[in-house]
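In case you want the letters, here they are:
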Amino acid sequence: MKKRSLILLVVLVMLMSAGCQAAESDIAAAPTFDFALPEGYAVDHIAGNTCDIVSGEEVVGGFTRTDLDVSCIDTQDFDTIFAYLETYTAQNETFEFFMDHWTSCLNIVFKITNTQTNEAYEQYHHLFEKDGVCYDMWLDGRYVERDSTEIFVDALGIGE
């Protein structure tokens, strides 16, 4: 009886150990956000799948490691992108957007309007692929002009 219990205990420990090792290998590594940025900008405030792009103390944008399939960059899947962009709005906001596909990224001009104040601003989103993952670099139009977004795209090497 003791021998049987010992064998069962050993088998149980082996199974538990194998399960823990499998669980550890399934955990995705946290993104490092080691992207090149133009001079004067830096990555800061990394939290899970997001981080901020800062200039001095001002948050001017950010990166998000999205759950989007990278194929949406080439297919410009309207419904998928609409649902994704909707996560950037609050309950009292509406939005409109247009997309422009470049060689290796999808550029989106995203206009958000507060329905109570009618105040509006733009965000510039750039969906791109890195290591099989779809990332979103977004820039706040209140701090970065639309024409200036190209310096970020060029620094990342995702432009035309």
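Right above here is the structure, for reference.
A quick note: this is a predicted structure, and the numbers were derived from the prediction, not measured. (Residues numbered from 1 in each chain as written. Predicted model: local features only at pLDDT ≥ 70, side-chain atom pairs only at ≥ 80, totals over all residues. Heavy atoms only, no water.)

Undergrad: Explain the nonpolar core to me, using residue names and the numbers behind them.
TA: Side chains of nonpolar character tend, in soluble globular proteins, to be buried together. Ranked by internal contacts, the top residues of the largest apolar core, which has 21 residues, are I53, F63, F128 and M137. Listed by contribution, the elements that provide at least two residues to this core are strand 2 (50–55), strand 3 (58–65), strand 5 (105–114), strand 6 (120–130), strand 7 (133–140) and helix 4 (149–156). Per-element accounting of this core gives the leading share, 4 residues, to strand 7. Each residue touching F128, except ones within four places of it in the same chain, is listed here: F35, F63, I73, S104, C105, V133, C134, Y135, M137, L156 and I158. In this structure, L68, I81, Y84 and L106 belong to the second largest nonpolar core, which totals 15 residues. (Core = buried A, V, L, I, M, F, W, Y, C linked by side-chain atoms within 4.5 Å. Buried < 20%, exposed > 50% of the residue type's maximum accessible area, 1.4 Å probe, protein only. Helix = DSSP H or I, 4+ residues; strand = E, 2+ residues; numbered from the N terminus. Contact = heavy atoms within 4.5 Å.)

Undergrad: Break down the sheet that holds strand 4 (residues 93–101) for me, citing the residues and quoting the values.
TA: Across the sheet, which stays open at both edges, the 7 strands sit in the order 1-2-3-7-6-5-4 with antiparallel pairing between neighbours. The outermost strands of the open sheet, each flanked by one partner alone, are strand 1 (42–47) and strand 4. With strand direction ignored, the average angle separating the axes of adjacent strands in the sheet is 25°. With 6 bridges joining them, strand 2 and strand 3 adopt antiparallel strand pairing. Considered in strand 3, the bridge of S55 is made with E58. Contacts between helix 3 (residues 78–86) and the sheet are confined to strand 3, strand 4, strand 5, strand 6 and strand 7, with strand 4 contributing the most and set at about 135° to the helix. The sheet contacts of helix 4 involve strand 2, strand 3, strand 5, strand 6 and strand 7, and relative to strand 7 the element is tilted by about 150°. (Pairing = 2+ DSSP bridges. Axes fitted to C-alpha atoms, helices over the stretch in contact; angles between N-to-C directions.)

Undergrad: Could you give an account of the environment of W138, with specific residues and numbers?
TA: Tracing the backbone shows W138 in strand 7. Contacts of W138, omitting those with residues within four sequence positions, involve I53, V60, G61, G62, F63, T64, Y88, Q123, Y124 and H125.

Note that every value here comes from positions in space, so none of it alone points to a role or purpose.
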